[in-house]
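# Coordinate analysis (summary)
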Amino acid sequence: MVGKSSLSARSPTPENGHRPLPNQDDENLKHAPKATATSHHARRQLCHSKGLEIKVPSAGSPSSTTAFIHTPQNYHREQAEGREKTAAILVSSSEGGVLGPSSVYLSIADKLASLNRGIPVLRFDHRFPARTKYCVADVLAAMNYLENGYAVSRFVLVGWGFGGATVFTAAAQDPRIVGCASIASQSDETDGIEDLARKGLPVLLIHGTEDAVLSADCSRRLCERYRNASRGGEGEMAMFEGDDHQLSHKGLKAEEVLLAGEEVGNEERMQWLQAQLRDVTN
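From a predicted model like this one, the values you see are computed outputs, not experimental measurements.

About the criteria used
- Residues numbered from 1 in each chain as written.
- Predicted model: local features only at pLDDT ≥ 70, side-chain atom pairs only at ≥ 80, totals over all residues.
- Heavy atoms only, no water.
- Helix = DSSP H or I, 4+ residues; strand = E, 2+ residues; numbered from the N terminus.
- Buried < 20%, exposed > 50% of the residue type's maximum accessible area, 1.4 Å probe, protein only.
- Contact = heavy atoms within 4.5 Å.
- Axes fitted to C-alpha atoms, helices over the stretch in contact; angles between N-to-C directions.
- Left-handed = near helix turned anticlockwise from the far one by under 90°.
- Nonpolar A, V, L, I, M, F, W, Y, C, P; charged D, E, K, R; others polar.
- Salt bridge = Lys/Arg side-chain N within 4 Å of Asp/Glu carboxyl O.

Counting secondary structure elements, the protein chain contains 8 helices and 9 strands. By residue count, 56% of the 282 residues in the protein chain fall in the buried class. By sequence separation, contacts in the protein chain at least 24 residues apart represent 71% of the contacts at least 6 residues apart.

Take the side chain of Thr-190 next. With respect to the helices and strands, the residue Thr-190 is situated in the loop between strand S6 (177-183) and helix H5 (192-199). Overall, Thr-190 belongs to the buried group, its relative accessible area being 0%. The residues contacting Thr-190, other than those within four sequence positions of it, are Gly-164, Ala-165, Phe-168, Ser-185, Leu-222 and Arg-225.

Right, let's talk about the packing of helix H3 (residues 132-150) against helix H4 (residues 163-173) for a bit. Close contact between H3 and H4 brings their axes to 9 Å; oriented N to C, the two are set at 65°. For the element pair H3 and H4, the recorded crossing hand is right-handed. Contacts between H3 and H4 involve Thr-132, Cys-135, Val-136, Val-139 and Leu-140 from the former and Ala-165, Thr-166, Thr-169, Ala-170 and Gln-173 from the latter. Broken down by class, the residue content of the contact of H3 with H4 amounts to 6 nonpolar, 4 polar and no charged.

Turning our eyes to something else, we now look at the pattern of salt bridges. According to the stated counting rule, one finds 8 salt bridges in the structure shown. In this structure, the salt-bridge partner of Arg-176 is Asp-174, at a minimum N-O distance of 2.8 Å. Assigned by exposure class, Arg-176 and Asp-174 land together as buried. With its nearest N and O atoms 3.0 Å apart, the salt bridge here joins Asp-195 to Lys-199.

See below:
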């Protein structure tokens, strides 16, 4: 299956001004595949989510991006004292949105926030999707918001499609980022993955082999670049045979690889996100 290598906008500058963002009610968002209403309700007893606006520094008029934050019930900033608290940020693709492929972002956020050591998770939209400069600024603003409001000092980023360029570029610029995962990433504007490799920071690449939007070769090339530049870092790749850009058939499988660990080919069982999101005691 032949796909593109990039979803980046041709013009680096937004042409039509600020893109209006939806004020979506989190309770009305489609949930991840195969998730039952009972399990969803049970997790909601353990975590809390709310919509918010995050201000992004801008040379022009004030600008902000829409986001949803998931936190453990009764989470307080004071809980992070004495620890380097880690959070996950889930980054959208070229068309924006807050759900991710097959709605796995919503499910992942609920599950991480519902753990015994609940992990804050932020899902957010971009002001100007597909423009790396602006999308990276959005990510850095989201990190600052979590650091100031939730005492978070370490971040793991997950990006879908064009979002791969965003998370790898941001990781090359900010030392607070301690790991990145991508789902069906593009390969253009991703030089930051080599910087991650040189720092020995972990990377996980997920892709469907029948992706007609961004070829699976994008992730294969990224994995090769990471491993060639690596200084002891862990570069993992999970290919889902026959799946597409949305992970329409194996979205739940991708979630399992990210969250709970799953055997992929001959690789050992991975608990990727949870491993990277461990808090560090000072």
